[in-house]
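Coordinates in review
Each chain is listed here by its residues.
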Amino acid sequence: LWDVTTGDRTHSSAMHGAEVKSVCFYSRNVWVSGGLDGVVAAWDDRTPTKKIFSLDHGAPVECLTIGDDLAASAGGHKVTLWDLGQQRRAHDFEDAHSKSASCVSFCSGGSRLLSGGADCVLKAHSLKDWSSTRVARFDSPLLCVDCSSEDLLFAVGTASGRVEARLRVTGT
């Protein structure tokens with residue numbers, strides 16, 4: 001942990017059993033991390049060596065994102081949605097990707113989740129009826145994804161070094 005005002009490190013410890021791939025703040029003092037050990041864990045910076053909870057994604061976690069009381073983790077062939085308030089798995093999008101899922105981002109005011117993977121496919125997952133649809137195919141594996149606040153554009157970063165932004169087609 002770092003104090004941004006002073007630039008000083010306030011605490012450091014081994015939080016996961018393997019490389020940590022993603023960290024997101026959940027609230028003022030609580031952050032959630034995901035790592036190659038397959039664990040999604042919550043921490044409180046007031047007691048940084050003690051986990052609040054630890055959840056098993058079931059595969060190495062490549063990416064993590066948070067929206068309200070939900071978190072989503074990507075790794076292996078699946079994307080998992082977590083209810084952080086209840087500290088439990090809310091839904092698995094099993095076989096979301098034919099190769100490793102590598103990135104996730106909440107969109108549509110938190111009612112949809114975008115995921116991308118090494119299969120070069122971007123998918124949209126409904127958080128209302130749990131359906132999944134392919135949004136786009138790219139020439140290279142996807143490493144990161146985000147959408148505009150108005151949901152008109154989405155952008156991906158690829159393994160080939162490209163950033164591609166595309167206009168959302170109405171009805172998708």
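The structure reproduced in this document is the subject of the present report. Residue numbers restart at each chain and count upward from 1, following the sequence in its written direction. Given that this is a predicted model, residues contribute local features only at a pLDDT of at least 70 and side-chain atom pairs are listed and counted only at 80 or more, while totals for whole chains, interfaces and linings are drawn from all residues. The side-chain numbers reported here are obtained from all heavy atoms of the structure, hydrogens and water having been left aside.

**A word on the overall build of the chain**
Stated formally: Elements are defined by DSSP. Helices are runs of H or I of four residues or more, strands are runs of E of two residues or more, and each kind is numbered from the N terminus. Only the C-alpha atoms count toward the radius of gyration. The rule for a globule is 2.2 Å times the residue count to the power 0.38. Here's how the labels work: a residue is buried when its accessible area is under 20% of the maximum for its type, exposed when over 50%, partly exposed in between, all with a 1.4 Å probe on protein chains only. Shrake-Rupley sampling with a 1.4 Å probe provides the accessible areas, and residues are treated as covered by the protein chains on show and by no other component. Charged residues are defined here as Lys and Arg on the positive side and Asp and Glu on the negative side; His and the ends of the chain fall outside this count. Charge placement uses NZ in Lys and CZ in Arg. For Asp and Glu, CG and CD serve respectively.
Broken down by element type, the chain carries zero helices and 17 strands. For 172 residues, the compact-globule formula gives about 16 Å, and the C-alpha radius of gyration of the chain, at 16 Å, lands near that figure. Counting only C-alpha atoms and orienting by the principal axes, one finds that the chain spans roughly 45 × 35 × 30 Å. Scored against the burial criterion, the 172 residues of the chain give a buried share of 47%. By element, 50% of the accessible surface of the chain is carried by carbon and sulfur atoms, the whole surface being about 9000 Å². Averaging the positions of the 18 positive and the 21 negative side-chain charges in the chain gives two centres separated by 3 Å.

**Digging into the pattern of salt bridges**
Inclusion rule: Should a side-chain nitrogen of Lys or Arg be within 4 Å of a carboxyl oxygen of Asp or Glu, the pair is scored as a salt bridge.
Taken as a whole, this structure holds seven salt bridges when the rule is applied. Linking lysine 21 and glutamate 62 is a salt bridge whose minimum nitrogen-to-oxygen distance equals 3.5 Å. You can see lysine 21 sitting in strand E3 (residues 20-25) and its partner glutamate 62 sitting in the loop between strand E6 (51-56) and strand E7 (63-67), a full 41 residues away along the chain. Residue class for glutamate 62 comes out partly exposed when judged on its relative accessible area of 26%. When the shortest N-O distance is used, the salt bridge between aspartate 44 and arginine 46 registers 2.6 Å. Taking the relative accessible area as the measure of exposure, aspartate 44 reaches 12% and is therefore buried.

**Overview of the pairing of E7**
Short version of the rule: Note: two strands are recorded as paired if DSSP finds a minimum of 2 bridges between them.
Of all five residues that make up E7, four are buried, and the element is covered over most of its length. Two elements, E7 and strand E8 (residues 70-75), share five bridges in a ladder whose sense is antiparallel. Paired with glycine 67 across the two strands is leucine 70, which belongs to E8. The hairpin formed by E7 and E8 contains two residues between the paired strands, and aspartate 68 there has a positive phi angle of roughly 55°.

**Re the packing of aromatic side chains**
Each aromatic ring pair is specified by the distance between its two centres and by the angle formed by the two planes. Rules: Side-chain rings of Phe, Tyr and Trp (the six-membered ring for Trp) are treated as a pair once their centres are within 6.5 Å; stacked means planes under 30 degrees apart, edge-to-face means over 60, and tilted covers the remaining angles.
Scanning the model with the defined rule gives two aromatic pairs in all. Taking 6.4 Å as the distance between ring centres and 55° as the angle between the ring planes, the aromatic pair formed by phenylalanine 25 and tryptophan 31 counts as tilted. Exposure remark for phenylalanine 25: the relative accessible area of 56% places this residue in the exposed category.

**Thoughts on the nonpolar core**
Soluble globular proteins: nonpolar side chains tend toward being buried together. Our working definition: Nonpolar cores were defined as sets of buried Ala, Val, Leu, Ile, Met, Phe, Trp, Tyr and Cys residues, with membership established by side-chain atoms within 4.5 Å. Contacts are assigned to residue pairs that have any heavy atoms within 4.5 Å of one another.
Val79, Val104, Leu113, Leu114, Leu122, Phe138 and Phe154 are the most contacted members of the largest nonpolar core, which has 24 residues in total. Mapped by element, the contributors of at least two residues to this core are E8, strand E9 (78-83), strand E11 (101-107), strand E12 (112-117), strand E13 (121-126), strand E15 (142-147) and strand E16 (153-158). Contacts of phenylalanine 138, omitting those with residues within four sequence positions, involve Cys120, Leu122, Phe154, Val156, Glu164 and Arg166. Core analysis: the second largest hydrophobic core is formed by 12 residues, Val30, Val40, Leu64 and Trp82 among them.

**Some remarks on the sheet that holds strand E17 (residues 163-167)**
Put simply, the rule is: Fitted lines through C-alpha atoms give the axes, limited to the stretch in contact for helices. The angle between two N-to-C directions lies from 0 to 180 degrees.
The three strands are arranged E15-E16-E17 in an open sheet whose pairing can be described as antiparallel. Only two strands of the sheet have a single neighbouring strand rather than two, namely E15 and E17. For this sheet, the mean inter-axis angle between neighbouring strands, taken without regard to orientation, is 20°. Pairing of E15 with E16 involves five bridges; the strand directions are antiparallel. Bridged to valine 145 within E16 is valine 156.

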